[in-house]
Each structure stands twice: as C-alpha cells, then as structure tokens.
Amino acid sequence: MPHVLYVRFHPAPGEDVYQGLLALLGELTPVVEALPPDAALADVRGALRYFGRDAAGLAEIVRVRALARYGVDCTVGVAANPLLARMAAHEAQESGAPTSRGGRSGGRSGGGSGDRSGHAAGSVRTVPGDPDAVAAFLARKPPIALPGVGPATARTLSAYGLDSAARIAAAPLSTLQRILGATTARRVHAWARGIDPAPVTPNAPARAMGAEHRFRHDELDPVRRRRALLTLADGLGVRLRTSSQVAAAISVTVRYADRSTTTRSRTLTEPTAHTPALTAAAYALHDALGLQRARVRSVALRVEGLMDAELASHQLTFDPADEKSRRLEAAADRARARFGISAVRPAGFLDVA
C-alpha cells in the first residue's frame, strides 16, 4: 500500500518558511526527512488509520495547508517507497498532471498551464502498490529517470540497448554486473524494478540556505548562466548578512534539459557572507564544469555550514580594493534596509520576472 510522500514545494521557500512546512508535515507524522532547500519525504503509514484517509488524501491535506498558511503549493508523489514517490512527483511536476489516485494523468491541475516561474501546477501523483502497476509506471522510463543514475551510467546502459527501466529489469543481473560493476548493477537492477529498501529517516535540516533560478528556455549562453549565479549569490549574501550569519561552504547545482543534474561544492577559504567572495566561488564551480553548449534548464546555489557571524574570523588584508568593497556592501545593505531589497542591485543582475 502506498504510504510514502515525496513533497516538492514551489516556489522554493525561504529558510523560515521551509521550517514551517516541515512542521506542517510533522502534524501528520513524526517520520519526516528534510531534503532542503525545497523538498521532504514523509512516511504516513502510522497516520492512515488515525486520519481515516489514504496516503493520497493526506497529500491533499498537505497541499491545502501549505497554500493556506504559507502561500506555497506543492507537488506530491505517493508510492510504497521513496524511489517511486520521488519519480512520481517529478513526473507530475514535468507534466503538470492533476491529482490522480490511480496512477493515470490527464489535463493540468486547476485548469491552468503551470505558474509563470516554469513550475508545473501543484498536483498529487500516486503509484499504486501492486507489482503490475509499478511495472507499468516504470516500463518506458529512461535510465536517467531513475534517481541515483547519472548521465554517464545512463549513456553506458543505452549503449548496450538498455534504454528503458523495463529492459534493465529484464536483463540478467550478471550482464549488468559486467557492464556496471557488482555494487552499482545490484542497485540499478533493483531500482528498475521499483525496489528501494531505504527507509524515510527523520532528521533535522542542515544549517544551509539555497536559491534557484529557472530559465524561461533551455539556456546555452554561459554569460546568462553567470549572471544568474551573480543574482543568486547577491540574494544569499543579503540573507546571510541580514540574519548575522556566515557560510563555510558553497555548492552549485546545474539542471539540464534531460532533467539530469550536476552538483559541485567547495569549502570557502574562510566563513563569509561577502557577496563578491560567494560570487567568485560560484563562478569557479560553474566554470570548472566546462559546460560549453550544454542546454541548462536551471542553476541553483546553496551555502552550508552556517554559523553566527560574530563567531567567525576574517583574515585582514592590505588590499584597499577589498576594504572598499566591504564598505560599499555595508552601504548597500543600509539602503536595502531603508528602501527595499531592490533598491541596490549588481550591474549584472538577472531579473527573474
């Protein structure tokens, strides 16, 4: 019986709202696994009888409460394990499917065509628990659609004609082991059959902040991608300084047109909330990917290892440019506090509207 919810919030909430949304899920079940910055897993097996609803019904409660309390819609995948729930949510978000309890999808939720930021309208997608329904759901999924299968592994499988979950599931395990190696082959073979033994593990979200920019069209221009990173770094820098925090690490996630992602991270030289330092690190991570003509759907920036700014040390330099940059940043923050967040922006700011 389906009992796992994979909840993806959109638009991506801020840190405070995200904490509230996790607490909202906690009203239904204590088994909630945070997947910051904009998703969570919940095991509602123990709540079905208490609320007198099935898992899809509880997913609808989550949607209604999230909209009513925080103005945040969500796409929810409902299935018997985290793997299938995640895939169901991603399918619903990509297609804009309406609520479905039988695993079918039709028109768009609410009669719309998705919000203006590029997200599909919020919906609930359920994968029934019987093996035939799971096999039908997975049958034509490409290898890259299986969470945990990256582009390189997908290309390797496709080169051997294993270009769908059904073909991977039907292949002898020994064949997959010769192609991928023993450990990876066992995992991929299980995923292709909808098997995921990993439980939903209750946890506290990491001390982190994140932001994402979705392009209107698949973006090939590296200059616009860098402008998007500048915009995200500026926003995160303001949020860090406003909350008197600094970050010790930063990561960049690039999502491509085929829905695959690449994430790179690095530890900063020193914990900081200085926008130029965050921007330089983001640029370096992006440039190291060597994307060239890659079709990029979105870029996301995330800062981690947050701590109170008063507990962090800053290495003084004799560089007058650095000192001037920090004075200008402080003046810009004062202007934003008085006239609004959009009062001062970097020259290369990429408007999200």
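Residues numbered from 1 in each chain as written. Predicted model: local features only at pLDDT ≥ 70, side-chain atom pairs only at ≥ 80, totals over all residues. Heavy atoms only, no water.

> Would you mind going over the overall build of the chain with me for this structure?
If you tally the helices and strands in the chain, you get 12 helices and 10 strands. Against the 2.2 N^0.38 benchmark of 20 Å for 353 residues, the chain shows a C-alpha radius of gyration of 22 Å, consistent with a compact globule. Of all 353 residues assigned to the chain, the portion counted as buried reaches 46%. In the chain, the proportion of contacts linking residues at least 24 apart, taken out of those at least 6 apart, comes to 72%. Accessible area for the chain stands at about 17,500 Å²; split by element, carbon and sulfur atoms hold 53% of it. Looking at the chain, you have 45 positive and 33 negative side-chain charges, and the mean spots of the two groups are 5 Å apart. (Helix = DSSP H or I, 4+ residues; strand = E, 2+ residues; numbered from the N terminus. Rg over C-alpha atoms; globule rule 2.2 N^0.38 Å. Buried < 20%, exposed > 50% of the residue type's maximum accessible area, 1.4 Å probe, protein only. Contact = heavy atoms within 4.5 Å. Areas by Shrake-Rupley, 256 points an atom, 1.4 Å probe, with all protein chains shown as cover. Lys, Arg positive; Asp, Glu negative; His and termini not counted. Charge placed at Lys NZ, Arg CZ, Asp CG, Glu CD.)

> How should the sheet that holds strand β2 (residues 32-35) be read in this particular structure?
The pairing of strands in a sheet happens through backbone hydrogen bonds and is either parallel or antiparallel. Spatial ordering of the open sheet is given by β2-β3-β1-β4-β5, a layout of five strands whose pairing is mixed. Edge strands, defined here as strands with exactly one partner in the open sheet, are β2 and β5 (124-126). Here the strands of the sheet are splayed against their neighbours by 15 degrees on average, with no regard to which way each runs. Inspection of the sheet shows strand β1 (residues 4-10) paired to strand β4 (residues 73-79) by seven bridges, in the antiparallel sense. Residue pairing for β4: Val 7 is matched across the bridge by Val 76. Across the sheet, helix α3 (residues 55-70) lies against β1, β4 and β5, angled at about 165 degrees from β4, the strand it touches most. (Pairing = 2+ DSSP bridges. Axes fitted to C-alpha atoms, helices over the stretch in contact; angles between N-to-C directions.)

> Is there a simple way to explain helix α11 (residues 275-288) in this structure?
Note on helix geometry: an α-helix contains 3.6 residues per turn, so any two residues three or four positions apart are oriented the same way. Across its 14 residues, α11 extends 20 Å between first and last C-alpha, which sits within 8% of the 20 Å expected from 1.5 Å per residue. Residues of α11 that are buried: Thr 275, Leu 278, Thr 279, Ala 281, Ala 282, Tyr 283, Leu 285 and His 286. Along its buried surface, α11 packs onto α10 (222-242), β7 (245-256), β8 (261-272), β9 (296-304) and α12 (320-339). Gly 290 sits one or two residues past α11 and shows a positive phi near 60 degrees. (Expected span 1.5 Å × (residues − 1).)

> Which parts of the structure should I look at to understand the packing of helix α8 (residues 173-180) against helix α9 (residues 182-192)?
A pair of packed helices can be characterised by two numbers: the angle between their axes and the separation between those axes. Their axes nearest at 7 Å, the elements α8 and α9 cross at an angle of 130 degrees. The orientation of α8 with respect to α9, classified from their angle, is oblique. The crossing of α8 and α9 is right-handed. Contacts from Leu 173, Leu 176, Gln 177 and Leu 180 in α8 reach Ala 182, Thr 184, Ala 185, Arg 186, Val 188 and His 189 in α9. For the contact of α8 with α9, the per-class residue count stands at six nonpolar, three polar and one charged. (Parallel < 35°, antiparallel > 145°, perpendicular 65-115°, else oblique. Left-handed = near helix turned anticlockwise from the far one by under 90°. Nonpolar A, V, L, I, M, F, W, Y, C, P; charged D, E, K, R; others polar.)

> When you look at the packing of aromatic side chains in this model, what are you seeing that I'm missing?
Geometrically, a pair of aromatic rings is defined through the distance of the ring centres and the angle of the planes. Considering all chains together, one arrives at two aromatic pairs under this definition. Aromatic pair Phe 9 and Tyr 18: ring centres 6.4 Å apart, planes at 80 degrees, arrangement edge-to-face. For the pair Phe 9 and Tyr 18, a shared accessibility class is recorded, and that class is buried. When the ring of Tyr 50 is compared with that of Phe 51, the centres are 5.0 Å apart and the planes differ by 80 degrees; the resulting orientation is edge-to-face. Residue class for Tyr 50 comes out exposed when judged on its relative accessible area of 69%. On the basis of relative accessible area, Phe 51 is assigned to the partly exposed category, the value being 26%. One residue, Lys 141, lies across the ring of Phe 137, its end atom 4.1 Å from the ring centre. Its end group placed over the ring of Tyr 283, Arg 226 keeps NZ or CZ at 3.9 Å from the ring centre. (Phe/Tyr/Trp six-rings, centres within 6.5 Å; stacked < 30°, edge-to-face > 60°. Lys NZ or Arg CZ within 6 Å of the ring centre and 35° of its normal.)

> What is the right way to look at the environment of Arg 53 in this model?
You can see Arg 53 is positioned in the loop between α2 (48-51) and α3. Not counting residues up to four positions away in its chain, the partners in contact with Arg 53 are Leu 48, Leu 58 and Ile 61.

> Even after reading the chapter, I still don't get the pairing of strand β3 (residues 39-43), so can you show me in this structure?
Remark: a regular strand shows side chains that alternate across the two faces of the sheet. Among the five residues of β3, five are classified as buried, and the element is accordingly described as predominantly covered. Burial along β3 is two-sided: Ala 39, Leu 41 and Asp 43 facing one way and Ala 40 and Ala 42 facing the other are all buried. Note: β2 against β3, four bridges, orientation antiparallel. Residue Leu 35 lies in a different strand from β3, and its bridge partner there is Ala 39.

> What's the story with unusual backbone geometry in this structure? I'm lost.
Backbone geometry follows two general trends: most residues other than glycine have a negative phi, and most peptide bonds adopt the trans configuration. The omega torsion across His 10 and Pro 11 is 0 degrees, close enough to zero to call that bond cis. On the secondary structure map, Pro 11 appears in the loop between β1 and α1 (15-26). Positive phi, close to 55 degrees, is recorded for Gln 292, a residue that is not glycine. Looking at the secondary structure, you find Gln 292 in the loop between α11 and β9. Judged by its relative accessible area of 66%, Gln 292 is exposed.

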